[in-house]
Each structure stands twice: as C-alpha cells, then as structure tokens.
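Observations on the three-dimensional arrangement
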Amino acid sequence: MMMSLWFGVIASSALVLGAFIGVRFELPKRLLAMLLAFAAGSLITALAFELFEDAYERGGIVRAAIGLLAGAVVFTVLSALLDRWAQPGKQEQAKPADEFQGSAKLDTDAAATEKAPTSASTRGAAGLALLAAVTLDGVPENAALGISLGEGTGGLALLAAIFVSNFPEALVGSASMRSQGRSAASIIGLWVACAALLVIAVVLGAGPLSGTDPETISVPLAFAAGAVIASLADTLMPEAYEHGGPAVALSTAAGFVLAFTLSLA
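Everything numeric here is computed off the predicted structure, so don't read it as measured data.

1. With respect to the packing of aromatic side chains
Under the counting rule described, the total for this entry stands at two aromatic pairs. Seen in terms of ring centroids, Phe49 and Phe260 are 5.3 Å apart; in terms of plane orientation they differ by 65 degrees. Their pairing is edge-to-face. Note that Phe49 is positioned in helix α2 (residues 29–86) and Phe260 in helix α8 (residues 248–263), a separation of 211 residues in sequence. Residue classification places Phe49 among the partly exposed positions, given a relative accessible area of 36%. The class of Phe260 is partly exposed, set by a relative accessible area of 31%. Considering the side-chain rings of Phe256 and Phe260, the 6.1 Å spacing of their centres and the 10 degrees angle between planes classify their relative orientation as stacked. Placement of both Phe256 and Phe260 in helix α8 is noted, with a separation of four residues, approximately one turn of the helix. Given a relative accessible area of 31%, Phe256 falls into the partly exposed group.

Below you can see the structure in the form of structure tokens.
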C-alpha cells in the first residue's frame, strides 16, 4: 500500500509542479510543444502495453474493445462540451484546410511568450476546462496504475506516461487561470486538490480494485486506454504539431522509447 501511495504522489506531483511553473513563468511555445509531444509518445506506450494489452489478457478482445470504445466516446463527448464551455457562443466558421485552431482547453498561448492568450483563457474557462479534462482521464489512468502495482505487474511505464502528461497540462491550465487574474494560491490549491484525488485513485486501484475479478477489471482498464487515445487525437498531438511543427515527431519518438524501456523493467 505504501508503494502505491508513493507512486500516486510521484505521478500527481507533476500537476503541482506544472501549476507552480505556470503561475510563475512564461516559456517558449516550441518548448511547450515538445513537452506535449514527449507526453504523447509516453502515453502511446502506456495505452498499448500497460492498459489495453492488460485489458485484453484479462477479459478478451470483446470486453477490451467495448471498454476502449466507451472510453473514447465518453472523453470525446465531454471534451467537446468542455471546449464549448471554454468558448461559449463561438460560431463555427469555415477554415482553410491547413489552419488548425487548437483546443480551447489547451491554450498554450496562455503559458508562452510569443502570443497573447485567447479570450477563453482570460476568462479562466480554458484553465478550468483543462482541469476537468485532466481529472476525467486521470482517474481511470491512476486507478489502472494502482491495479498494476497491487498485482505486482510493474507500472513504471504508466507512471512515467502519467507524470510527463500531467506536467504540461497543469502548466498550461494554471497559466490560463493566471491570465484571468486568479491568485497563485487559489490556482495551486485547485491543482493540489486534483492531485490528491488522483492519488486516492491509485490507492483504490492497488487496494480494493486489485482483488476484483479479472474480467471485471478489464473494462475500466480498456476504458482508460480509450480515454487516453482520444485525448491524444483530440488535444495533445494536434496542439503539439500546431506549435512545434514537424520537429515534434522526434520528441514523440523519444517519449515512446523512454516509456517502452521502462515497461521492460
């Protein structure tokens, strides 16, 4: 149990660290893009080798596929609602094929030096929407981490993926809240509360959930994989490419290799 607690603290500490940097500093946009791409590469390893593979081995392909699709659908629907909340009243306009506007939740302009933040960030809605999104996919991810720890199956790759994905999201989210004029104490307090919730998810996964029937556990594991793959396609990878260009491919590959190496430990 103590190991699961420490793993939960380490994974969630990235939220607090990212929030602290987000309220104190503005970073080059290309660096933020590289961080997002590195996180995406790590999450690819985690969802393929830690989440979906485990779900398949426990419950078979049908349960795993259903759980993955359910996670992807839930994340996509809620993500769209969060985007609409972050930018209320925004009218869809025809855009050139090569113009990508990015996710309203992940407004990297709020944390970078090159451009002013969007109106969604200055209202604070983008930061709060991102906080909600981190919680949405973080709870099943951290529960899955706890399950792997409780059963002695490792979890280092998933831990690394959660850490490196939490950091840039908290950094951008806290910067968005800062743009609204929120105090540093209130911003960090919100992210600390989110981090505490995710630590609890790890402990629950290592405790009560680890002894559950394997077929039952396969569904939430696959659900977490679906939420992760949807977040990659919906937010992380498009946003990284928009601000980092083709060079983010190398950062994505580096994140994948690191997480894969840890999965072999």
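2. Here's the deal with the packing of helix α5 (residues 156–180) against α8
Two elements in contact, α5 and α8, have axes separated by 7 Å at closest approach and are oriented at 150 degrees. Considering the angle they form, α5 stands roughly antiparallel to α8. Contact residues: Leu156, Ala157 and Ala160 in α5; Ala259, Leu262 and Ser263 in α8. Partitioning the contact of α5 with α8 into residue classes produces five nonpolar, one polar and no charged.

3. Description of the confidence of the model for the protein chain
Of the residues in the protein chain, 83% reach a pLDDT of 70 or more, and the chain-wide mean stands at 81. Looking at the elements of the protein chain, mean pLDDT is at its lowest for helix α3 (residues 119–122), recorded as 58, and at its highest for helix α6 (residues 184–206), recorded as 92.

The rules behind these values
- Every chain's residues receive numbers from 1 upward, in the order its sequence appears when written.
- Per-residue local features of the predicted model are confined to residues with pLDDT of at least 70, and side-chain atom pairs are confined, for both listing and counting, to 80 or more; whole-chain, interface and lining totals are unaffected and use all residues.
- Remark: hydrogens and water are excluded; side-chain values derive from all non-hydrogen atoms of the structure.
- Between rings of Phe, Tyr and Trp, where Trp is taken as its six-membered ring, a pair exists when centres lie within 6.5 Å; planes separated by under 30 degrees are stacked, by over 60 edge-to-face, and by other angles tilted.
- Comment: elements are numbered from the N terminus, with helices defined as DSSP H or I runs of at least four residues and strands as E runs of at least two.
- Burial classification: accessible surface area is computed with a 1.4 Å probe over protein chains only, and a residue below 20% of its type maximum counts as buried, one above 50% as exposed, and the rest as partly exposed.
- Only the stretch in contact is used when a helix axis is fitted, and all axes are lines through C-alpha atoms; the angle between N-to-C directions ranges over 0 to 180 degrees.
- Oblique is the label for any angle not covered by the other classes, which are roughly parallel (under 35 degrees), roughly antiparallel (over 145) and roughly perpendicular (65 to 115).
- What makes two residues a contact is simply this: any of their non-hydrogen atoms within 4.5 Å.
- Under the grouping applied here, Gly and all other residues not named as nonpolar or charged are polar, the nonpolar ones being Ala, Val, Leu, Ile, Met, Phe, Trp, Tyr, Cys and Pro and the charged ones Asp, Glu, Lys and Arg.
- For every residue, the pLDDT score states the predictor's confidence, bounded by 0 at the bottom and 100 at the top.

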